[in-house]
Amino acid sequence: MLATYDVEALRQDFPFLQTGVAYLDSANTSQRPRQVLEAMERYFTGFNANIHRSAYRASEQATEAYEGARDKVRAFLNAASRKEIIYTRGTTEGINLVAYSWGRQNIRAGDLIVLTIMEHHSNIVPWQILAREKGARLAYVDVDEQGLLRQDQFETLLQQGPRLVCFTQVSNTLGTINPYREMTASAKAAGATVLIDGAQGAPHLGIDVQETGCDFYAFSGHKICGPTGIGILYGRRELLEAMPPFMGGGDMIRAVRLYDTDYAPLPEKFEAGTQAIAEAIGLGAAIDYVQGVGLDAIHAHEQALAEYALEALSEVSGLRVFGPPASGRAGVISMWMDGIHPHDLSTILDRHDVNIRAGHNCTMPLMERLGVPATARASFYLYTTRKEIDRLVAGLEDAKRIFG
Ligand SMILES: Cc1ncc(COP(=O)(O)O)c(C=O)c1O
């Protein structure tokens, strides 16, 4: 961890930030430091070859780098074994893998699946598809006025003995940090299998999957300073061993005969076809980078920014800000400005070189609950500065002037 948090020094690592844009859309996708770009380039230019298959040095080096990145992810999550770390294309694929493989084997008619109203579509739609197919039931935990999950409702639903409980570690719209350790413990005590969506949690808080006790944890490389097209599904070994493959093809087999196949052991059983090799190596470099800065330091930086931003935004008249106080949130702030659609707001901010997200943030049920069609969302990461938040506030004031 850095002795003091030097945000200006960190920013030098990020080529895109040198363009001068105030990039406030890191919950959507983060920027990547040159350390990640260089790790990928070293693969492409120095030992570009397929993995696991060939007996020449470049292929062995590629396999070593790809598997080495898996070891880094194992340590990052504190998983008990590297066999529990499955490469995916991202959070969405990780959740779908669980829904198609574990879900089809374990969910039966009448079973209850508990979700929350703040879930991203990728933690809703796969369960709807599964529930429809199996005749299972879905139930949602609501949020209170502050944007915190209604724990009383959660406890009531647990009393009904759900088979599966899925929730996000951090809300991508409200910024709410859910009490994921306590929720996991209660759900496990009620006999449920627990999946945590770590898309917004892994980059900003990290997790210790053994201490937390969850069964599945999914996150995306591109939100944690890594490349697109790569993600991780952590699954408890016992569950992964019992699950059928999600996809069939090369690399996931031990022996193929005309009418049946012996599958490869974990983790290859779930990694069919040529994998995103450069991206996995890039993810390993991203994890080194984030751990080098330190997750505690990143979280403290983002919370200080959230506090600063909430204070500054409270001065902007006509602006409604969603979500809990800074102490209970990550660096995500969703807003609604009276009389200005978020898309217009985003366009005007772009003229000020301020990039934010406008839309439903892939959380349409939550939008309905909040009573807005969309929000304007600013989100921060380890490289965000107070000056960028000042530019956001100035842009909002300008939008108000333009719209009268
Ligand atoms: C909470 C949450 N879950 C899941 C996802 C989906 O991630 P991906 O599109 O990388 O699969 C996102 C992306 O915005 C997210 O914020």
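Coordinates for the structure precede this section.
Residues numbered from 1 in each chain as written. Predicted model: local features only at pLDDT ≥ 70, side-chain atom pairs only at ≥ 80, totals over all residues. Heavy atoms only, no water.

Asks: What is the right way to look at the overall build of the chain in this model?
Replies: Looking only at helices and strands, the chain features 14 helices and 15 strands. Here the chain has a C-alpha radius of gyration of 22 Å; the compact-globule value for 404 residues is 22 Å, and the two agree. The principal-axis extent of the C-alpha atoms belonging to the chain is close to 70 × 55 × 35 Å. In the chain, of all internal contacts separated by at least 6 residues, the share reaching a separation of at least 24 is 70%. Total accessible area computed for the chain in this model is approximately 16200 Å², and 50% of it derives from carbon and sulfur atoms. (Helix = DSSP H or I, 4+ residues; strand = E, 2+ residues; numbered from the N terminus. Rg over C-alpha atoms; globule rule 2.2 N^0.38 Å. Contact = heavy atoms within 4.5 Å. Areas by Shrake-Rupley, 256 points an atom, 1.4 Å probe, with all protein chains shown as cover.)

Asks: Which parts of the structure should I look at to understand the packing of aromatic side chains?
Replies: Geometry of an aromatic ring pair is reported as the spacing of the ring centres plus the angle between the planes. This model, assessed by the stated rule, comprises 11 aromatic pairs. On the numbers, 5.7 Å between centres and 75 degrees between planes, the contact of Tyr 381 with Tyr 383 is edge-to-face. The class of Tyr 383 is buried, set by a relative accessible area of 0%. Every member of this aromatic cluster is reached through a ring pair, and the members are Phe 14, Tyr 289, Tyr 381 and Tyr 383. (Phe/Tyr/Trp six-rings, centres within 6.5 Å; stacked < 30°, edge-to-face > 60°. Buried < 20%, exposed > 50% of the residue type's maximum accessible area, 1.4 Å probe, protein only.)

Asks: Please explain the sheet that holds strand β4 (residues 137-141) as it appears in this structure.
Replies: Strand pairing in a sheet takes place through backbone hydrogen bonds and is either antiparallel or parallel in direction. Read from one edge of the open sheet, seven strands run β2-β8-β7-β6-β5-β3-β4, paired in mixed fashion. The outermost strands of the open sheet, each flanked by one partner alone, are β2 (85-88) and β4. Across this sheet, the average inter-strand angle for adjacent strands is 20 degrees, counted without regard to direction. In terms of strand pairing, strand β3 (residues 112-116) meets strand β5 (residues 164-168) through two bridges, oriented parallel. Its bridge partner lying in β5, Val 114 is registered against Val 165. The sheet strands contacting helix α3 (residues 57-77) are β2, β7 (216-220) and β8 (231-235), and the helix crosses β2 at an angle near 120 degrees. Where helix α4 (residues 91-106) meets the sheet, it contacts β2, β5, β6 (193-197), β7 and β8, and its direction lies at approximately 150 degrees from that of β7. (Pairing = 2+ DSSP bridges. Axes fitted to C-alpha atoms, helices over the stretch in contact; angles between N-to-C directions.)

Asks: It is not clear to me how the packing of α3 against helix α10 (residues 277-293) should be interpreted in this structure. Could you clarify?
Replies: Angle between the axes and distance between the axes: these two values describe a pair of packed helices. Two elements in contact, α3 and α10, have axes whose closest approach is 8 Å; the angle formed by their N-to-C orientations is 40 degrees. It follows from the interaxial angle that α3 and α10 lie oblique. For the pair α3 and α10, the crossing hand works out as left-handed. On α10, the residues touching Ala 65, Tyr 66, Ala 69, Lys 72, Val 73 and Phe 76 of α3 are Ile 277, Ala 280, Ile 281, Leu 283, Gly 284, Ile 287, Asp 288 and Gln 291. The residue inventory of the contact of α3 with α10, partitioned by class, reads 10 nonpolar, two polar and two charged. (Parallel < 35°, antiparallel > 145°, perpendicular 65-115°, else oblique. Left-handed = near helix turned anticlockwise from the far one by under 90°. Nonpolar A, V, L, I, M, F, W, Y, C, P; charged D, E, K, R; others polar.)

Asks: Where do I start with the site of the ligand in this structure?
Replies: Taken together, 13 residues lie around the ligand, and Thr 92, Asp 197, Gln 200, Ser 220 and Lys 223 are the ones closest in. A distance of 2.7 Å is found between an oxygen atom of the ligand and a side-chain nitrogen or oxygen belonging to Ser 220. Between the ligand and the protein, one listed contact pairs an oxygen atom with a side-chain N or O atom of Lys 223 at 2.6 Å. Its free accessible area being 390 Å², the ligand has 85% of it covered by the protein chains. (Near = heavy atom within 4 Å. Polar contact = N/O pair within 3.5 Å; in protein donor to acceptor, adjacent residues only side chain to side chain.)

Asks: Teacher, can you tell me more about the pairing of β3 here?
Replies: Along a regular strand, successive side chains alternate from one face of the sheet to the other. Burial of β3 is extensive: five of the five residues sit out of reach of the surface. In β3, alternate side chains face the same way, and those of Leu 112, Val 114 and Thr 116 on one face and Ile 113 and Leu 115 on the other are all buried. Sheet topology note: the β3/β4 ladder contains five bridges and is parallel. From the neighbouring strand, Thr 116 faces β4, where its bridge partner is Val 141.

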